[in-house]
Amino acid sequence: MSHSQRKGFAFGAKRRRGGQSVTLFVLYFIATALLVLSRVGHETIDEARTALSDWSVPALEMLTMPAHGIRYGVARARTTIDLLDEVARLRAENQRLKSWEWRAKMLNQRVDQLRTLLNVVEEPALEFASGRVIADGRGPFMRSVLINVGRSQGVKAGYAVINSEGLVGRLVSVGGAASRVLLLTDLKSRVPVYVGEGRIRAVLAGDNSAAPRLDFLPEGAKIGAGDDVYSSGHDGLLPRGLRVGTIVGEGADYRVRTAADLNRFEFVSVLFFDAPALMTANGIDEEGKPVAADTVKPTRPVVSAAP
Amino acid sequence: MAALAPLIVLVLTFLLVAVPLGLPGDATFLPPMLMLSAVFLCAANPSMRLPVWVAMLFGLAADIVTASPVGFWGLLALLAHGAGSFLKAAEWTERFGILWLAWSGAAAAIALVAWGVASVYFFRAIGWEPVALGAGLSVLGFPLVAVVVKLLRGWIPDKQIRAGAWLP
């Protein structure tokens, strides 16, 4: 190999290395710039994320099928193994529920009579759209999931999301065919709640741990482990009376074990609750037209039945 | 066909990131870290070629499906690729033990960077436990990813395989 050829190869390799360094620098720059734009909440980033989530829905739905199948199979196997114990437990529970059914009927009659006496305006039943979890967004930074319910089903950002066990979270971004649900355990999740029979007001604050904490409890509030926690609706965003969980822990550090198992759930329902605050937040009226915040009117009477 | 092997490995590990596995909250850092270990492995493997931009694209896709700050996993994927490429350039890839040890170090460094970037991003010190747990478990899961790579290379005819004796 001649000297000029060797020189040529060396120059080529050097140029390739130089090109690779430039590529690397550009990629690191892009990643950092995206992080900064994501931090400042740039609209393009959010829109791109929502669009990509939408675009990936069919693929994610297809991919999650085997995972759901496996989970269903495991649950079925467990149920079969525990069948005898389960039957005994259900019999006991059935007995207990029968007595509660009778009491509920009596209470319902009494409530109906009182509502008639007070001339309370009936609240319309909440409509809902059900869907399935198609991607798990629970990471160290955000506790969220992607569901296959989107604008095409009529849902909007801010709507409450529940499953058969209780409140799961709320919608934070809505695409055409998919939406992201911010779970109750997320760092950014704040839900005003009632605690216990005394209906003590507090705020359920997620901190990325498994059990969110209770903030803004009044001093000397008489609550304890096992007390029920449910949504109070004081933020004007969530319906009142949604089951949230029960208190665990003692002392000043009260935590709430969520009624819904947020590590394992498959199906959810999105509640259509167009509260005034939510409409203002979305900047739209009942017909979907943009309105000024001061022109928003409540869609339902302020009087409502307590849970 | 051999060019597809790294892509298949990354797609398989990306599925772990995307699919709801029902892992406990503290273990949610594991699937993306396993994907990064695949990036590291493919970048270090002398018989594979994984362009750095492909690694970053997978990182960005992980950002989308895990709702992480956009660019976060992309940045970490670049680091994992850099670590793997360094080993390949230094020709320290002949023994699996060395590679495993190298991933242990890289995972620790990536976890530290992840914790730092996330803390700066959120303006608060985030919990280090899930990050450390994810990195630790990814070290334990590293041989599994290596086995997948080995299986794929068995399935895909590759006349250009020159090395790779380090694989289990």
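Residues numbered from 1 in each chain as written. Chains lettered and ligands numbered in written order. Predicted model: local features only at pLDDT ≥ 70, side-chain atom pairs only at ≥ 80, totals over all residues. Heavy atoms only, no water.

Peer 1: Pulling in residues and values, what's your account of helix 5 (residues 96-122) of chain B?
Peer 2: Residues and elements named next belong to chain B. Along its 27 residues, helix 5 runs 38 Å from first to last C-alpha, staying within 8% of the 39 Å computed at 1.5 Å per residue. Taken residue by residue, helix 5 has Phe-96, Leu-99, Trp-103, Ala-106, Ala-107, Ile-110, Ala-111, Ala-114, Ala-118, Ser-119, Tyr-121 and Phe-122 as its buried positions. Following helix 5 by one or two positions, Phe-123 has its phi on the positive side, about 55°. (Helix = DSSP H or I, 4+ residues; strand = E, 2+ residues; numbered from the N terminus. Expected span 1.5 Å × (residues − 1). Buried < 20%, exposed > 50% of the residue type's maximum accessible area, 1.4 Å probe, protein only.)

Peer 1: Outline the sheet that holds strand 3 (residues 160-162) of chain A, supporting the account with residue identities and numerical values.
Peer 2: Residue and element names in this part refer to chain A. Here we have 6 strands rolled up into a closed barrel, ordered 1-2-5-4-3-12, and antiparallel in their pairing. If you compare each strand with its neighbour and ignore which way they point, the axes differ by 45° on average. Bridging between strand 3 and strand 4 (residues 167-174) involves 3 bridges; their strand directions are antiparallel. The residue bridging Ala-160 from the neighbouring strand is Arg-170, located in strand 4. (Pairing = 2+ DSSP bridges. Axes fitted to C-alpha atoms, helices over the stretch in contact; angles between N-to-C directions.)

Peer 1: If you had to explain the pairing of strand 9 (residues 228-231) of chain A to someone new, which residues and values would you point to?
Peer 2: Residues and elements named next belong to chain A. Where strand 6 (residues 190-195) and strand 9 come together, 3 bridges link them in antiparallel fashion. Bridging across to strand 9, Val-195 finds its partner in Val-229. One ladder, built from 3 bridges, connects strand 9 with strand 10 (residues 243-248); its direction is antiparallel. Bridging from a neighbouring strand, Tyr-230 pairs with Arg-243 of strand 10.

Peer 1: Could you give me a rundown of the interface of chain A and chain B, with the residues and numbers involved?
Peer 2: Taken together, the contact pairs 37 residues of chain A with 36 residues of chain B. Summing the contributions of chain A and of chain B, the shared interface buries around 3300 Å²; its carbon and sulfur component is 69%. Our enumeration of links across chain A and chain B arrives at 5 residue pairs in polar contact (both at pLDDT 80 or more). Of all the secondary-structure elements, those providing two or more residues to the side of chain A that touches chain B are helix 1 (3-39), helix 2 (43-55), helix 3 (57-81) and strand 1 (127-136) of chain A. The greatest single-element share of the side of chain A that touches chain B, amounting to 11 residues, is contributed by helix 1 of chain A. Taken together, the residues that form the side of chain A that touches chain B break down as 19 nonpolar, 10 polar and 8 charged. (Contact = heavy atoms within 4.5 Å. Buried area = accessible area lost by both parts, 1.4 Å probe. Polar contact = N/O pair within 3.5 Å; in protein donor to acceptor, adjacent residues only side chain to side chain. Nonpolar A, V, L, I, M, F, W, Y, C, P; charged D, E, K, R; others polar.)

Peer 1: Describe in detail the pattern of salt bridges, supporting the description with residues and values.
Peer 2: Residues and elements named next belong to chain A. Following the criterion strictly, the structure yields 8 salt bridges over all chains and no others. Salt-bridge contacts for Arg-170 lead to Asp-235; the nearest nitrogen and oxygen are separated by 3.3 Å. Separated by 65 residues along the polypeptide, Arg-170 in strand 4 and Asp-235 in the loop between strand 9 and strand 10 bring together distant segments of the chain. With relative accessibility at 23%, the residue Asp-235 sits in the partly exposed group. Within this structure, Asp-207, Arg-213, Asp-215 and Arg-255 form a network of salt bridges that share partners. (Salt bridge = Lys/Arg side-chain N within 4 Å of Asp/Glu carboxyl O.)

Peer 1: Describe the packing of aromatic side chains, naming the residues involved and giving the relevant values.
Peer 2: Using the criterion set out here, one finds 11 aromatic pairs over all chains in the structure. Of the aromatic side chains, those joined through ring pairs into one cluster are B:Phe40, B:Phe96, B:Trp100, B:Trp103 and B:Phe142. One Lys or Arg, A:Arg39, reaches over the ring of B:Tyr121 and ends 5.5 Å from the middle of that ring. Its guanidinium or amino end placed over the ring of A:Trp100, A:Arg103 lies 4.6 Å from that ring's centre, counting from NZ or CZ. (Phe/Tyr/Trp six-rings, centres within 6.5 Å; stacked < 30°, edge-to-face > 60°. Lys NZ or Arg CZ within 6 Å of the ring centre and 35° of its normal.)

Peer 1: Outline the environment of B:Gly127, supporting the account with residue identities and numerical values.
Peer 2: Residue and element names in this part refer to chain B. Mapped onto the elements of the fold, Gly-127 is located in the loop between helix 5 and helix 6 (129-155). Exposure remark for Gly-127: the relative accessible area of 36% places this residue in the partly exposed category. When the C-alpha positions of Gly-127 and Asp-26 are compared, they lie 9.7 Å apart, and in sequence the two are 101 residues distant.

Peer 1: Let's hear about the packing of helix 2 (residues 30-44) of chain B against helix 4 (residues 72-90) of chain B: which residues, and what values?
Peer 2: Residues and elements named next belong to chain B. Where helix 2 contacts helix 4, the axes come no closer than 7 Å and their chain directions differ by 30°. The chirality of how helix 2 crosses helix 4 is right-handed. On the side of helix 2, the interface is formed by Pro-32, Met-33, Leu-36, Val-39, Phe-40, Ala-43 and Ala-44, while helix 4 contributes Trp-73, Leu-76, Ala-77, Ala-80, His-81, Ala-83, Gly-84, Ser-85, Leu-87 and Lys-88. Looking at the contact of helix 2 with helix 4 residue by residue, the classes come out as 13 nonpolar, 3 polar and 1 charged. (Left-handed = near helix turned anticlockwise from the far one by under 90°.)

Peer 1: Describe the nonpolar core, listing the residues and the values that go with them.
Peer 2: Among the nonpolar cores identified, the biggest contains 69 residues, and B:Phe14, B:Met33, B:Leu36, B:Phe72, B:Trp73 and B:Trp103 are the most heavily contacted of them. When near neighbours in sequence (up to four residues on either side) are disregarded, B:Trp103 contacts B:Met33, B:Leu36, B:Ser37, B:Phe40, B:Ile110, B:Ser138, B:Val139 and B:Phe142. Core analysis: the next-biggest nonpolar cluster, separate from the first, contains 38 residues, A:Val133, A:Ile200, A:Tyr254 and A:Ala260 among them. (Core = buried A, V, L, I, M, F, W, Y, C linked by side-chain atoms within 4.5 Å.)

Peer 1: An account of the side chain of A:Glu266 is requested, with residue identities and associated values reported.
Peer 2: All names here are of chain A. Tracing the sequence through the fold places Glu-266 in the loop between strand 11 (255-258) and strand 12 (267-272). Side chain to side chain, Glu-266 and Arg-132 meet in a polar contact 2.8 Å long. When sequence neighbours within four positions are dropped, the list of residues in contact with Glu-266 reads His-68, Gly-131, Arg-132 and Val-133.

Peer 1: Could you give me a rundown of the pairing of strand 7 (residues 200-205) of chain A, with the residues and numbers involved?
Peer 2: Residue and element names in this part refer to chain A. Judged from the 6 bridges that link them, strand 6 and strand 7 form a sheet pairing that is antiparallel. Note on strand 7: the bridge partner recorded for Val-193 is Ala-202. Between the antiparallel neighbours strand 6 and strand 7 lie 4 residues, among them Gly-196 with a positive phi of about 70°. Here strand 7 runs beside strand 8 (residues 213-215); their pairing, made up of 3 bridges, is antiparallel. When the bridges of strand 8 are listed, Leu-204 appears paired with Leu-214.

Peer 1: Which residues make up the environment of A:Ala157, and what are the values?
Peer 2: Residues and elements named next belong to chain A. Summarising the element assignment, Ala-157 is placed in the loop between strand 2 (144-147) and strand 3. We classify Ala-157 as partly exposed; its relative accessible area is 24%. For the pair Ala-157 and Arg-180, spaced 23 residues apart in the sequence, the C-alpha separation amounts to 8.9 Å.

Peer 1: Let's hear about a nonpolar patch on the surface: which residues, and what values?
Peer 2: On the surface, A:Val22, A:Phe25, A:Val26, A:Phe29 and A:Ile30 cluster together into a nonpolar patch covering about 500 Å² of accessible area. The topology assignment puts A:Val22 in helix 1. (Patch = residues over 30% accessible without salt bridge, like charges linked within 9 Å, V, L, I, M, F, W, Y side chains within 5 Å. Areas by Shrake-Rupley, 256 points an atom, 1.4 Å probe, with all protein chains shown as cover.)

Such coordinate-based values are descriptive only and should not be taken to indicate function.
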